[in-house]
Amino acid sequence: MITANQLRAARALLSIDQRQMAELADLSVPTIQRMEASDGVIRANVDSLMKLVSALEGAGIELINPGAASATGGRGVRLREHLTNPKTKSKTARQPKRVLERVR
């Protein structure tokens with residue numbers, strides 16, 4: 001689904017730290033730290049993984065799976081174009097965090 005390397009790369013593309021990632025995904029900082037310390041694919045409960053992936057997608061991150069169109073076919077991340085700063089937390093409770101606004 002998502003690897004620790006993809007999570008770290010996604011945070012780097014968004015220029016956010018672990019605390020900000022935890023806020024975006026509605027997870028604890030220790031959970032983000034454990035995810036990033038994983039070896040390979042992140043192992044966590046389904047709810048936490050879904051929150052993480054939803055937050056990343058809402059922030060403009062596209063996860064690239066093995067075998068997807070790329071020069072070498074490996075995993076990766078890509079930042080979609082036309083997005084603004086992901087550091088603002090959405091006020092909507094219990095919904096996937098959509099923290100970015102599209103630039104027209």
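Coordinates for the structure precede this section.
Here's what I pulled together on the structure shown here. (Residues numbered from 1 in each chain as written. Predicted model: local features only at pLDDT ≥ 70, side-chain atom pairs only at ≥ 80, totals over all residues. Heavy atoms only, no water.)

### As for the overall build of the chain
Within the chain, the secondary structure is distributed over four helices and two strands. The helix and strand sequence of the chain, counted from the amino end, reads α-α-α-α-β-β. In the chain, which comprises 104 residues, the share counted as buried stands at 38%. When contacts within the chain are restricted to residue pairs at least 6 apart in sequence, long-range pairs at least 24 apart make up 54% of them. Of the roughly 6400 Å² that the chain leaves accessible, carbon and sulfur atoms contribute 49%. (Helix = DSSP H or I, 4+ residues; strand = E, 2+ residues; numbered from the N terminus. Buried < 20%, exposed > 50% of the residue type's maximum accessible area, 1.4 Å probe, protein only. Contact = heavy atoms within 4.5 Å. Areas by Shrake-Rupley, 256 points an atom, 1.4 Å probe, with all protein chains shown as cover.)

### Here we look at the nonpolar core
Counting 22 residues, the largest nonpolar core has Ile-2, Leu-7, Met-21, Met-35, Leu-52 and Leu-56 as the members making the most contacts within it. Broken down by secondary-structure element, the contributors of at least two residues to this core are α1 (4–14), α2 (18–25), α3 (29–37), α4 (46–58) and β1 (61–64). Here the element with the most residues in this core is α4; it accounts for five residues. (Core = buried A, V, L, I, M, F, W, Y, C linked by side-chain atoms within 4.5 Å.)

### Some words on the packing of α2 against α3
Axes are the key here: two packed helices are described by the angle between their axes and the distance separating the axes. With their axes 8 Å apart at the nearest point, α2 and α3 run at an angle of 110 degrees to one another. The pairing of α2 with α3 is recorded here as roughly perpendicular in orientation. For the pair α2 and α3, the contacting residues are Gln-18, Arg-19, Met-21 and Ala-22 in the first and Val-29, Ile-32, Gln-33 and Glu-36 in the second. Looking at the contact of α2 with α3, its residues break down into four nonpolar, two polar and two charged. (Axes fitted to C-alpha atoms, helices over the stretch in contact; angles between N-to-C directions. Parallel < 35°, antiparallel > 145°, perpendicular 65-115°, else oblique. Nonpolar A, V, L, I, M, F, W, Y, C, P; charged D, E, K, R; others polar.)

### Points about α3
The set of residues buried in α3 consists of Thr-31, Ile-32, Met-35 and Glu-36. Buried residues of α3, seen end-on, are gathered within an arc of 130 degrees and therefore sit on one face of the element. Opposite the buried face of α3, by more than 90 degrees, sit the exposed residues Arg-34 and Ala-37. Lining the buried residues of α3 we find α1, α2 and α4. (Arc of directions from axis to C-beta.)

### Re the pattern of salt bridges
Taken as a whole and judged by the stated rule, the model has four salt bridges. Where Arg-19 meets Glu-23, a salt bridge forms, and the shortest distance between an N and an O atom there is 2.9 Å. On the criterion of helical spacing, the pair formed by Arg-19 and Glu-23 is a turn pair, its members being four residues apart in helix α2. Since its relative accessible area comes to 42%, Arg-19 is described here as partly exposed. Classification of Glu-23 as partly exposed rests on a relative accessible area of 32%. For Asp-26, the salt bridge goes to Lys-51, with nearest N and O atoms at 3.8 Å. Of this pair, Asp-26 sits in the loop between α2 and α3 while Lys-51 sits in helix α4, and the two are 25 residues apart along the sequence. One salt-bridge network, in which partners are shared between bridges, spans Asp-26, Asp-47 and Lys-51. (Salt bridge = Lys/Arg side-chain N within 4 Å of Asp/Glu carboxyl O.)

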